[in-house]
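Architecture and fold: a report
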Amino acid sequence: MKPSPRMLISCKNSSSFLARCHPTAPRAMSNNLSSTNNIRMLGFARIMNGNHRAFRLPSSRYFSHLTSRPQTFRSPAATRINGDVTTATVNELGLKPRKSSVNDKKNLEIEKVYIKTDNGIDEKQLVVEKSADKESELEAGGEEDNARSENKVSEGVAAPIINNNGEEETDVEREAWKLLQEALVTYCDTPVGTVAANDSSEESLNYDQVFIRDFIPSALAFLLKGENEIVKNFLLHTLQLQSWEKTVDCYSPGQGLMPASFKVKTMQVDEEKVEEVLDPDFGESAIGRVAPVDSGLWWIILLRAYGKLTGDYSLQERVDVQTGLEMILNLCLTDGFDMFPSLLVTDGSCMIDRRMGIHGHPLEIQALFYSALRSAREMVKVDDGSKNLVREINNRLSALSFHIREYYWLDMKKMNEIYRYKTEEYSLDATNKFNIYPEQIPLWLMDWVPQEGGYLIGNLQPAHMDFRFFMLGNLWSIVSSLGTPKQNKSILNLIEAKWDDLVGHMPLKICYPALESEEWRIITGSDPKNTPWSYHNGGSWPTLLWQFTLACIKMGRTELAEDAVALAEKRLPVDSWPEYYDTRTGKFIGKQARLYQTWTLAGFLASKMFLKNPETAAMLCWEEDLEILETCACALSKSGRAKCSRDAAKSQILV
C-alpha cells in the first residue's frame, strides 16, 4: 500500500469525518453530499466518545448466550466497570434488538448493555416489562413445544424448531446459523461482514478477513432472514475503501477497483487509546499479486439484491453509491485494444484465484460482468450526466449477449461443426472466426456431452477454446439469462445427465475435468494445491449450491436442487463444513480445506431458504430481455459496413 493519510479507515473521534460508526449515521449522511469531492469519506468517527476496544471476533460463548436466551440482547463489548448503572433507550444507543424465538415472539426483554464513555464503560439498563398473563402464555407454549419435541424424539425424528418466519428449521440449519453468527466481524461495535473461515486448528493466513465474493451467500442468508443492517453496513464500508490509493511497485490500477477483502485491525494511538481500522487488500498481498476483477461485479449484484429483498431502494439512490457504481462501470467499460465485448483478464482474478489457465476471457467473469451490467441498468440514475454511460451499458449488453451465445455454446451439433472447421479463413464471412483447429477437441468430450444437453465453454481466444465445463459461469449464465432459454435448459439437462461427474458425493464440481499429468504441470506450473481433482482443479465446492438452487428454481427444476441440498445436508455438518472436497466424485474432505468455512454454511442456508420461498429466488434472477437482443451498436456506427455479422445468427440467439 502506498503511504497515505487515508491508508486506514479508523474510528477516530473527530467531528471532521463525514460518516460515523453508527448504524443510522450513513442514512443521514447522504443528504449532505452535494459534490464528488465530498463523496470520498476519509474515515469513520464513533457516535460515542471514548476509547475503542481491541477488535476480536465475537466468541461462541457470546452467541450461545443469545441462542439460549433469545429474549436478551447484550453488546459484543459487554464489560462491567465500577458498577455504575444508568438508563437509556434502545433508540438512544442505536441498537437493533435481535428477533425473539417462537417462545417469546412478542415480548423482548433487554436487560443491560454496556457502552464506552469518557469516564470508562457505563452499564446501561434497558428493560421492557412483561405481563404475568403473557409470561404464563409463553410458559404454556413452551411446555407444548417441549411435549411435541419429546414425542418426535421418541419416534426417532429430529424435532424441528419454528423460526420467526413461521418456518421449520432442522438441527443442521440451527447449527449453521449459530456458526454464521460466530463468523461475524464487528467494526466499532457494528457488524460489517463475516470471516472467510473460523477454523481454529489452522493458521489463519487471510481466512480471518472479510472477502467480498465470500460474503455474498452470507449476505443473502441475512437478507432472507430479515437481518438487513449488516448487509447495508458491508456495502457502505466497502464503498469507502474503493477510493483508496492502490500501488504495487510504483504502479496504481484504475480508479474504481474494489478490494478483494478487508480486515479489522487495531492501532495503538497512545498509551491508553486504541483505535479500530479497516485494512483492505486490493491484490497487493494476494498470491500472484492479481487484482480482484470480480469484487466490483459482486458488489453491484449484491446492491441490487439488497433493494429487491428489502424493498429499500434509497441505498441505491444515494449520491455516494451512485458515484461508486459509475466508477466500477467506467473501469469495466474502458476502451482498450480488445476486439471482443468480453472482459480480458489475467489468471487468478476471480474465484479461481490461482494459475489454472483461465487467462483471457473466462466464462465466469463474462457471466458476472453481464449480471452486473443488467443490475446497473436497473439502478443507474438516468440524467444528463449518466446518459452516455447508460448507452454504453445497453450496447455492451447486446454485444456480449450475442458473443457468448454464438461463440461459447457447445452441444453435439456445434461440436460436429467445429470438427469440420476449415482453418486460415481470411474473410468477413468466415465461419471459423477464431481460427480454431479441429484437433483441439479432446477425446473425452465426444462421448461426454449428452444428446439433449450442452454448455458454455470455459474460455475463447484466437486459436484456442477451453472445453472444460466451469460450474459458476454456466450457473450465472442461467440466472442472468446470458444464455438463451433453450441453452439454459440444456445446461441443466447436462448436469442431470452427468450427475455422477458434476455432483457425485458432494455438490458441485468447480470445473470438469481436472488437468492431469503433463497438462497439469504445464498449465498450473505444477501447483501442489491444484493437483488433479483437488481445490480449483476439479474439486467439489459446496458454496456453489446456492447458485445452483437459483438456476434450478428459475428453470422449474427444483427437484435437482432439492437432491443436491439433501446430499450436502447429510455430510456437511458431519465433516465440519469444509471449504472443498477432493477426488473425482468428491468423496474426501479437501487435503488443505479449512473447516467451518463461512460461505459453505451460508450457501447451504441460502439454498434452504430459496427452496422454502421460491419467490425470493425469482426476485434475484433476470428474464430474457428482447430489447437487449434487438440493440445493435453497428446501427450507431458510421463506418459504412455493408453487413452486420449478427444477422446470420439472429435466429439462433432468439431461441
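Residues numbered from 1 in each chain as written. Predicted model: local features only at pLDDT ≥ 70, side-chain atom pairs only at ≥ 80, totals over all residues. Heavy atoms only, no water.

Attention shifts here to the side chain of S490. Take S490: it is sitting in helix α17 (residues 485-497). With a relative accessible area of 12%, S490 lands in the buried category. Contact partners of S490, with chain neighbours within four places excluded, come to W409, E452, G453 and G454. (Helix = DSSP H or I, 4+ residues; strand = E, 2+ residues; numbered from the N terminus. Buried < 20%, exposed > 50% of the residue type's maximum accessible area, 1.4 Å probe, protein only. Contact = heavy atoms within 4.5 Å.)

This next bit is on the confidence of the model for the chain. The predicted coordinates should not be examined in detail at positions where pLDDT is low. Of the residues in the chain, 70% reach a pLDDT of 70 or more, and the chain-wide mean stands at 79. Note that residues 1-7 has pLDDT below 50 and, in this model, 18 contacts with residues that lie over four places away or in other chains. (pLDDT = per-residue confidence, 0-100.)

This part covers the environment of R318. Take R318: it is sitting in the loop between α10 (314-317) and α11 (319-332). In this structure R318 comes out as buried when scored by relative accessible area, which is 5%. Taking the C-alpha atoms as reference, R318 lies 9.9 Å from K381; in sequence the two are 63 residues apart.

Scanning the model with the defined rule gives 23 aromatic pairs in all. When the centroid spacing of 6.4 Å and the interplanar angle of 50 degrees are considered together, the rings of W298 and W546 count as tilted. Here the residue W298 occupies a position in helix α9 (residues 293-310), and W546 occupies one in helix α20 (residues 545-554), the gap between them amounting to 248 residues. With a centroid separation of 5.7 Å and an interplanar angle of 50 degrees, the aromatic rings of Y512 and W533 are classed as tilted. Here Y512 is found in strand β17 (residues 511-512), whereas its partner W533 is found in the loop between α19 (517-524) and α20, with 21 residues between them in sequence. Connected via pairs of aromatic rings, a cluster forms that spans W444, W448, Y455, F469, Y512 and W533. The ring of Y535 has K529 lying over it, and the distance from NZ or CZ to the ring centre is 4.3 Å. The side chain of R594 reaches across the aromatic face of Y207, ending 4.3 Å from its centre. (Phe/Tyr/Trp six-rings, centres within 6.5 Å; stacked < 30°, edge-to-face > 60°. Lys NZ or Arg CZ within 6 Å of the ring centre and 35° of its normal.)

Turning our eyes to something else, we now look at the side chain of Q461. The topology assignment puts Q461 in strand β15 (residues 455-461). For Q461, a relative accessible area of 19% gives the class buried. For Q461, the residues in contact, after removing those within four places along its chain, are H359, G360, H361, F434 and I436.

What follows concerns the sheet that holds β17. The strand order across the open sheet formed by four strands is β14-β15-β16-β17, and the pairing between neighbours is antiparallel. The strands lining the two open edges of the sheet, one partner per strand, are β14 (409-410) and β17. As paired elements, β15 and strand β16 (residues 464-470) share four bridges and run antiparallel to each other. Bridging from a neighbouring strand, Q461 pairs with H464 of β16. Running over the sheet, helix α13 (residues 387-407) touches β14, β15 and β16 and is turned about 105 degrees from β15. (Pairing = 2+ DSSP bridges. Axes fitted to C-alpha atoms, helices over the stretch in contact; angles between N-to-C directions.)

This brings us to helix α12 (residues 363-379). When the terminal C-alpha atoms of α12 are compared, their 24 Å separation across 17 residues agrees well with the 24 Å that a helix rising 1.5 Å per residue should span. Where burial is concerned, most of α12 is hidden: 15 out of the 17 residues are buried. (Expected span 1.5 Å × (residues − 1).)

This part is about the nonpolar core. One finds L329, Y455, W476, F548 and F610 to be the most contacted residues of the largest nonpolar core, which totals 156 residues. Filtering out sequence-adjacent residues up to four positions away, F610 remains in contact with L220, L224, W546, T549, L550, I553, T616, A617 and L620. (Core = buried A, V, L, I, M, F, W, Y, C linked by side-chain atoms within 4.5 Å.)

We now examine the packing of α9 against α11. The geometry of α9 relative to α11 is characterised by a closest axis approach of 10 Å and an angle of 140 degrees between their N-to-C directions. Judged on the interaxial angle alone, α11 and α9 are oblique. For α9 against α11, the interelement crossing comes out left-handed. Mapping the contact onto sequence places G296, L297, W299, I300 and L303 in α9 and V321, L325, I328, L329 and C332 in α11. Here the residues of the contact of α9 with α11 sort into nine nonpolar, one polar and no charged. (Parallel < 35°, antiparallel > 145°, perpendicular 65-115°, else oblique. Left-handed = near helix turned anticlockwise from the far one by under 90°. Nonpolar A, V, L, I, M, F, W, Y, C, P; charged D, E, K, R; others polar.)

Before going further, it helps to spend a moment on unusual backbone geometry. That bond from P507 to L508 is cis: its omega, -5 degrees, falls within 30 degrees of zero. Looking at the secondary structure, you find L508 in the loop between α18 (499-502) and β17. Here the residue pair Y512 and P513 is connected by a cis peptide bond, since its omega of -5 degrees sits within 30 degrees of zero. If you check the backbone angles, Y596 has positive phi at about 50 degrees while not being a glycine. Inspection of the secondary structure assignment puts Y596 in the loop between β19 (588-589) and α22 (598-612).

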